[in-house]
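What follows is each chain in one-letter form.
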Amino acid sequence: MADDKNKIYFQLIWGGLLLLAGVGVFFRIPQVMPQIKTIETFASIIGFIYFCFYLLGFLLILGGAQKIYKNLKKLRER
């Protein structure tokens, strides 16, 4: 039983880290995009690159929030 609780706490921490990584991606995009724009190969598809970075950040936040929500629900049921 204690092992299950430790697993839930680990999953909560992992979910928090995913959420923070997603937020970090959103803060980092404006700093990195000017550097990416200077690369000739990517200049023509810069809109797609923006979309991919923002999608990555959104999915990290969504996945982390979902993991936190589900594991908090499990913790409350015990």
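Residues numbered from 1 in each chain as written. Predicted model: local features only at pLDDT ≥ 70, side-chain atom pairs only at ≥ 80, totals over all residues. Heavy atoms only, no water.

Okay, the overall build of the chain next. Across its full length, the chain holds three helices and zero strands. Going from the N terminus to the C terminus, the chain shows its helices and strands as α-α-α. For the chain, whose C-alpha radius of gyration is 17 Å, the value lies well above the compact-globule estimate of 12 Å for 78 residues. The dimensions of the chain, computed from C-alpha atoms along their principal axes, are 55 × 15 × 15 Å. Relative to its 78 residues, the chain shows a buried fraction of 22%. A separation of at least 24 residues holds for 77% of the contacts in the chain among residues at least 6 apart in sequence. Only carbon and sulfur atoms are counted for the fraction: they give 69% of the accessible area of the chain, which is about 5,900 Å². Of the charged side chains in the chain, 10 are positive and 4 negative, and the gap between their average positions amounts to 6 Å. (Helix = DSSP H or I, 4+ residues; strand = E, 2+ residues; numbered from the N terminus. Rg over C-alpha atoms; globule rule 2.2 N^0.38 Å. Buried < 20%, exposed > 50% of the residue type's maximum accessible area, 1.4 Å probe, protein only. Contact = heavy atoms within 4.5 Å. Areas by Shrake-Rupley, 256 points an atom, 1.4 Å probe, with all protein chains shown as cover. Lys, Arg positive; Asp, Glu negative; His and termini not counted. Charge placed at Lys NZ, Arg CZ, Asp CG, Glu CD.)

Take the packing of aromatic side chains next. If you walk through the whole model with that rule in mind, you get two aromatic pairs. Geometrically, the ring pair formed by phenylalanine 26 and tyrosine 54 is tilted, given 5.4 Å between the ring centres and 45° between the ring planes. Highlighted residues: phenylalanine 26 in helix α1 (residues 2-37) and tyrosine 54 in helix α3 (residues 46-77), separated in sequence by 28 residues. With relative accessibility at 33%, the residue tyrosine 54 sits in the partly exposed group. Look at tyrosine 50 and tyrosine 54: their rings are 6.4 Å apart centre to centre, the planes differ by 10°, and that puts the pair in the stacked class. With tyrosine 50 and tyrosine 54 both in helix α3, this residue pair falls four residues apart, about one helical turn. Following the ring pairs from residue to residue traces out a cluster consisting of Phe26, Tyr50 and Tyr54. (Phe/Tyr/Trp six-rings, centres within 6.5 Å; stacked < 30°, edge-to-face > 60°.)

Attention now goes to a positive patch on the surface. On the surface, a cluster of positive charge is contributed by Lys7, Lys70, Lys73 and Lys74. Per-element accounting of the positive patch gives the leading share, three residues, to α3. Looking at the element boundaries, lysine 74 is found in helix α3. Classification of lysine 74 by relative accessible area gives partly exposed; the value is 45%. (Patch = residues over 30% accessible without salt bridge, like charges linked within 9 Å, V, L, I, M, F, W, Y side chains within 5 Å. Salt bridge = Lys/Arg side-chain N within 4 Å of Asp/Glu carboxyl O.)

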